[in-house]
Amino acid sequence: MRKSSIFLIFILGCTLVLSLVFLDAHFQTAGDLPFLRQEIKVVETLKLTDLCLTTEARHTRHPSQADWHSPFQSHPGALDHFPSGAIIQPPETIIKGYEPHRQ
Amino acid sequence: MSHIVNKQRNILDFALSSLLRRKGRNLALVTVYTLVVFALASVMFFTQALKKEAALVLGATPELIVQKMVAGRHDLIPLSYIDQIKKIRGVAAVTPRLWGYYYDPLIRANYTLLVNDTYPLPEKTIAVGAGIARVRNAHRGSKINFFAYDGKPVVLQVRGILSEESELLSSDLILISAADFRRLFGIPAGYATDLTVQVRNQKEIATVAAKIQQFLPDTRPILRDEIMRTYEAVFDWRAGIVIVVLLGALLAFLIFAWDKAAGLSAEERREIGILKAIGWETADVLQLKFWEGLSVSLTAFLLGIILAYIHIFLAAAPLFATVIKGWSILYPNFRLTPFVSFSQIAVLFFFTVAPYTVATIIPSWRAATIDPDQVMRT
């Protein structure tokens, strides 16, 4: 068999797998809708505000609720020592409660 | 038409033979290139899926939350604030929330304790998240010991386990009665953790928030929009791990591009010279190099994307989970809904396949336009 035939079969095979990936994503998303509705209901009923991505620190467990100082709570000048603090950035709106708006 | 196809297939045959002659080098190239695409696609799939799910799910979060701040920190809010907020025009209802954190020294994990007003639990009972049930080996009817603020033990019975499907929200959650919550943390009756405010007209939420801050300057209102925006930006490109992965991938890619664009090896130049000497035209040489570049980049692109999908959506992102987990003992076993769009794939294709293919052609074009005799002699 020609090398180009083997290569084209390989690329076609990969493209087919990629199409199956899209198909899988489509069906999984459709299949997950009842669970997503359940999650929405949980948020509504329990009045939740954040996703549970990590549980090690309050500013990464509830980034939308934490105050500006919670990552540096140990002592004045302390650094955030939680690894998840390096990947979950604070919301930009967090400072609005502390700083008067400057025009 | 068949003549053109045959010619291109012959050139592709030759390109593949040429790549196989330097098997080790090209295999290493495809492997690293695949890893670059894999890293970029994994970050893209993970962040997009998380952002989409957060946007969908957190749309049901309270429209306005009011916290009390003391010395820059979140503090307990007096229930007397409820009446003051209710006086603001447009406010429909104000409800206190009781929630907080409990550190379990037994397994060294943090729990989030929450009082559910909609379906209140009887005293001395709790409902726990699936993550807690897993690490504490708890089931319906089992008892969990807590230590109150004054050191006294409080034994609570598990009445139910929260659904595993909602682990992305409730893995570390413990639902508890208001009386037990107050006893555990010593919170006096006239205080709550924060307040949720319902506003009649959605367009007036920002105005109501501004009025609350005006009348109660020691409070911080948090709008639903702000919570949603938090998750839109939470894994922004500026966030630590994302920029590290992107920089690593970008640097690796720059090395490829530099290696290619800096010029061809003497062997490759000689090959071009011989091809031209035996009658190949410049356009043929360029087509040969185009097929070589495309074979490498397309193989790496397709493999990288497929592996990234398996990593994020079928294997539950084990590489990212290690980083996000950090020092936490209790970690949610969540599976993300695969929100994958064609535009994501197109963007990745444009940023990975196109530059590499172009970088392969340019130096070849330079070599192919020089006299074959001169190329073979250098």
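Residue positions are counted from 1 within each chain, in the order its sequence is given. Numbering of ligands from 1 and lettering of chains from A proceed in the order in which they are written. The model is predicted, so local features are restricted to residues of pLDDT at least 70 and side-chain atom pairs to those at 80 or more, both for listing and for counting; the totals for chains, interfaces and linings are taken over all residues. Computation of side-chain values: all heavy atoms of the structure, hydrogens and water removed.

Moving on: the overall build of chain B. A run of H or I in DSSP becomes a helix once it reaches four residues, and a run of E becomes a strand once it reaches two; helices and strands are each numbered from the N terminus. The secondary structure content of chain B amounts to 14 helices and 13 strands. On the principal axes, the C-alpha backbone points of chain B span a range of 95 × 50 × 40 Å. Throughout this description, buried means an accessible area under 20% of the type-specific maximum (1.4 Å probe, protein chains only), exposed means over 50%, and partly exposed covers the range between. Across the 378 residues that make up chain B, the buried fraction comes to 51%. We call two residues contacting when some pair of their heavy atoms lies within 4.5 Å. Sequence separation of 24 or more characterises 78% of the internal contacts of chain B that already satisfy a separation of 6 or more. Only four residue types enter the charge count: Lys and Arg as positive, Asp and Glu as negative, with His and the chain ends excluded. Charge coordinates come from a single atom per side chain, which is NZ of Lys, CZ of Arg, CG of Asp or CD of Glu. Distance between charge centres in chain B, computed from 40 positive and 30 negative side chains, equals 2 Å.

Turning next to unusual backbone geometry. Residue and element names in this part refer to chain B. You will see that K124, though not glycine, has its phi angle at about 70°, which is positive. Its location among the elements puts K124 in the loop between β6 (109-115) and β7 (125-128). Look at K124 and you get partly exposed, because its relative accessible area is 44%. Positive phi, normally seen in glycine, also occurs at A316, with a value near 60°. In this structure, A316 sits in the loop between α11 (282-314) and α12 (318-325).

Tallying the contact residues gives 89 residues for chain B and 64 residues for chain A. Approximately 7,000 Å² of surface area, both sides summed, lies buried where chain B meets chain A, with 63% of it carried by carbon and sulfur atoms. A pair is scored as a salt bridge if a Lys or Arg side-chain nitrogen falls within 4 Å of a carboxyl oxygen belonging to Asp or Glu. Between chain B and chain A we count three salt bridges in total. In this structure, R2(A) engages D13(B) in a salt bridge whose closest nitrogen and oxygen atoms are separated by 2.8 Å. Each polar contact in these results corresponds to two N or O atoms within 3.5 Å; when the atoms are within protein, one needs to be able to donate a hydrogen and the other to accept it, and residues that are neighboring in sequence are counted only if both atoms are side-chain atoms. For the interface between chain B and chain A, the tally reads 30 residue pairs in polar contact (both at pLDDT 80 or more). Among the elements that make up the side of chain B that touches chain A, the one with the highest residue count is α11(B) (nine residues). Charged residues are taken to be Asp, Glu, Lys and Arg, nonpolar residues to be Ala, Val, Leu, Ile, Met, Phe, Trp, Tyr, Cys and Pro, and polar residues to be all remaining types, Gly included. Looking at the side of chain B that touches chain A residue by residue, the class counts come to 49 nonpolar, 24 polar and 16 charged. Two parts placed together each lose some accessible area under a 1.4 Å probe, and the buried area is that loss summed for both.

All domain edges in this entry derive from an automatic or database-based domain assignment. In terms of domains, chain A is made up of domain 1 (1-47) and domain 2 (58-97). Here domain 1 of chain A and domain 2 of chain A have C-alpha centroids that lie 35 Å from each other.

All names here are of chain B. According to the stated counting rule, one finds 14 salt bridges over all chains in the structure shown. Put simply, K7 and D284 hold a salt bridge, and the shortest N to O gap is 3.0 Å. Pair noted here: K7 is in helix α1 (residues 2-21) and D284 is in helix α11, with a separation of 277 residues, a long-range link. For K7, a relative accessible area of 33% translates into the label partly exposed. Note on D284: relative accessible area 14%, which makes it buried. A salt bridge links R134 to E167; its shortest N-O distance comes to 2.8 Å.

On to the domain arrangement of chain B, then. Residues and elements named next belong to chain B. Entries for chain B in the domain assignment read domain 1 (2-58 + 234-377) and domain 2 (62-233). For domain 1 versus domain 2, the separation of C-alpha centres amounts to 47 Å. Taken together, the contacts link 16 residues of domain 1 with 21 residues of domain 2. Three residues, L58, V234 and L330, lead the burial of domain 1 against domain 2; their summed loss comes to 44% of the area buried on that side. For the pair domain 1 and domain 2, the number of links is zero residue pairs in polar contact (both at pLDDT 80 or more).

All names here are of chain B. Taken across its seven residues, β6 has six buried, putting it largely inside the fold. At least two DSSP bridges between two strands are required for those strands to pair. Sheet topology note: the strand β5 (residues 99-104)/β6 ladder contains six bridges and is antiparallel. Among the inter-strand pairings, W99 is bridged to a residue of β6, identified as L114. The turn linking β5 back onto β6 is made up of four residues, and R108 within it adopts a positive phi angle of 55°.

Residues and elements named next belong to chain B. The mixed open sheet is built from six strands, whose spatial order is β5-β6-β10-β7-β9-β8. Of all strands in the sheet, those with a lone pairing partner are β5 and β8 (143-147), marking the two edges. Shown here is a sheet whose adjacent strand axes are inclined to one another by a mean of 35°, direction ignored. Note on geometry: axes are C-alpha line fits, over the in-contact stretch for helices, and angles between N-to-C directions span 0 to 180 degrees. Strands in contact with helix α6 (residues 178-185) are β5, β6, β7, β8, β9 (153-161) and β10 (173-176); relative to β6, the strand with the most contacts, it is inclined by about 135°.

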